[in-house]
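# Overview (structure and organization)
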Amino acid sequence: MNSPVAIVPGCLYWPGWLDREGQEALAEELRHVLAEAPLFTPLMPRTGKPFSVRMSNCGPLGWVSDVGGYRYQETHPETGRPWPPFPPMLSRAWEELAGRAPAPEACLINWYGPQARMGLHQDRDEEEFSAPVLSLSLGDTALFRIGGTTRSDPTRSLRLASGDALLLSGPARLAFHGIDRLYPGTSTLLKQPGRINLTLRRVRQAGAGEIRP
Ligand code: MD3
Ligand code: FE
């Protein structure tokens, strides 16, 4: 599995966690997920301004955003259907990298076109912050930035390339982070220019029987 690199406390990084063959297999699994749960354009709460990133989800719960707010829900906001199950490679990735944590309940799929970005934010719509978040990147390289738990804390930047894995736990779980830019043309994996980021998350608090010793 290779030793991870610590980026900031609680943020572990596995460059090239998936080789090209693994990336292709995961991209193929995602094509099936996205056929069932098409990408949608989330809107900012209150203002209704569209995100530059398009999104979908798989697993029991999915993260959505519209004028009414941010939330996790069991169905796709446009089709009304339940989210498709986690494809096998995502369950295995959690098993391998997040180990003892309770099972994930949501995987947010972010699709970035060449001009898309994601402003500095915290992920705090979950009820469970003691479980880690696991991120996998596919396609073009992106410039990722992570700081501390206050917006004005100093930040570190990292290029996330296709096949890279990142695990956020402990003090990094509530760190401000974002994507400043893409480097178009840095990967030939996807059939169109752009990038996919997958984030596996625990949403609800785990029951007593679910925490592995
Ligand atoms: C640090 N995604 O989906 S992945 C997100 O590349 C998100 O699409 C970015 O931020 C992307 O919320 C960054 C790395 C990441 C994901 C979740 C985190 C870093 C995180 C949650 C807490 C702290
Ligand atoms: Fe985030």
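In short, a report on the structure. (Residues numbered from 1 in each chain as written. Chains lettered and ligands numbered in written order. Predicted model: local features only at pLDDT ≥ 70, side-chain atom pairs only at ≥ 80, totals over all residues. Heavy atoms only, no water.)

## Details of the packing of aromatic side chains
Convention followed: Between the rings of Phe, Tyr and Trp (Trp by its six-membered ring), a pair exists once the centres lie within 6.5 Å; its type follows the angle of the planes, with under 30 degrees stacked, over 60 edge-to-face, and the other angles tilted. Numbering goes from the N terminus for both helices and strands, where a helix is a DSSP run of H or I of at least four residues and a strand is a run of E of at least two. We call a residue buried when its accessible area falls under 20% of the maximum for its residue type, exposed when it is over 50%, and partly exposed in between, using a 1.4 Å probe and counting protein chains only. In our convention, an over-ring charge means Lys NZ or Arg CZ found within 6 Å of a ring centre and within 35 degrees of that ring's normal.
Enumeration over the complete set of coordinates arrives at 3 aromatic pairs. Both rings, one in Phe40 and one in Trp83, keep their centres 6.4 Å apart while their planes meet at 35 degrees; by these two values the pair is tilted. Placement of Phe40 in the loop between helix H1 (20-36) and strand E3 (54-58) and of Trp83 in the loop between strand E5 (69-73) and helix H2 (88-97) is noted, with a sequence separation of 43 residues between them. Judged by centre distance (6.3 Å) and plane angle (70 degrees), the rings of Phe51 and Trp63 are edge-to-face. With Phe51 in the loop between H1 and E3 and Trp63 in strand E4 (residues 62-66), this pair connects stretches of sequence that are 12 residues apart. Residue class for Trp63 comes out buried when judged on its relative accessible area of 9%. Among the aromatic side chains, those forming a connected cluster through ring pairs are Phe51, Trp63 and Tyr70. Just above the ring of Tyr112 sits the side chain of Arg195; from NZ or CZ to the centre is 5.1 Å.

## Considering the nonpolar core
General note: in soluble globular proteins, nonpolar side chains tend to be found buried as a group. Quick note on the threshold: We define the nonpolar core as a collection of buried residues of types Ala, Val, Leu, Ile, Met, Phe, Trp, Tyr and Cys that are connected through side-chain atoms lying within 4.5 Å of one another. Whether two residues touch is decided by their heavy atoms; if any such pair falls within 4.5 Å, the residues are in contact.
Core analysis: the largest hydrophobic core is formed by 32 residues, its most contacted members being Cys11, Met55, Ile146 and Leu166. Other than its neighbours up to four places away in sequence, Met55 contacts Pro38, Leu39, Phe40, Pro42, Trp63, Leu108, Ile109, Asn110 and Met118. Formed by 30 residues, the second largest nonpolar core is a distinct cluster that contains Trp14, Leu90, Ile109 and Leu138.

## Quick word on the coordination of the iron ion (ligand 2)
Heads up, the condition is: Donor atoms are limited to N, O and S found within 2.8 Å of the metal ion, a distance that becomes 3.2 Å for Na, K and Ca. With water left out, some sites might look partial.
At the metal site, the iron ion (ligand 2) is ligated by His121 (NE2), Asp123 (OD) and His177 (NE2), and these contacts range over 2.0 to 2.3 Å. Mapping the donors of the iron ion (ligand 2) onto the primary sequence gives the spacing H-x1-D-x53-H. With His121 in strand E7 (residues 118-121) and His177 in strand E12 (residues 177-183), this pair connects stretches of sequence that are 56 residues apart. Among the residues examined, His177 registers a relative accessible area of 16% and is labelled buried.

## Here's the deal with the pattern of salt bridges
Selection criterion: Salt bridge criterion: a side-chain nitrogen from Lys or Arg within 4 Å of a carboxyl oxygen from Asp or Glu.
Scanning the model with the defined rule gives 11 salt bridges in all. The residue Glu36 makes a salt bridge to Arg81 at a minimum N-O spacing of 3.0 Å. Remark: Arg81 occurs in the loop between E5 and H2 and Glu36 occurs in helix H1; sequence separation between them is 45 residues. What makes Glu36 partly exposed here is its relative accessible area of 34%. Taking relative accessible area as the criterion, Arg81 reaches 36% and is therefore assigned partly exposed. With a shortest N-O distance of 2.9 Å, Asp123 and Arg201 are connected by a salt bridge. Here Asp123 is found in the loop between E7 and strand E8 (133-139), whereas its partner Arg201 is found in strand E13 (residues 195-201), with 78 residues between them in sequence. Relative accessible area serves as the criterion here: at 5%, Arg201 is assigned to the buried category. Three or more residues are tied together by salt bridges with common partners; here these are Asp123, Glu126, Arg173 and Arg201.

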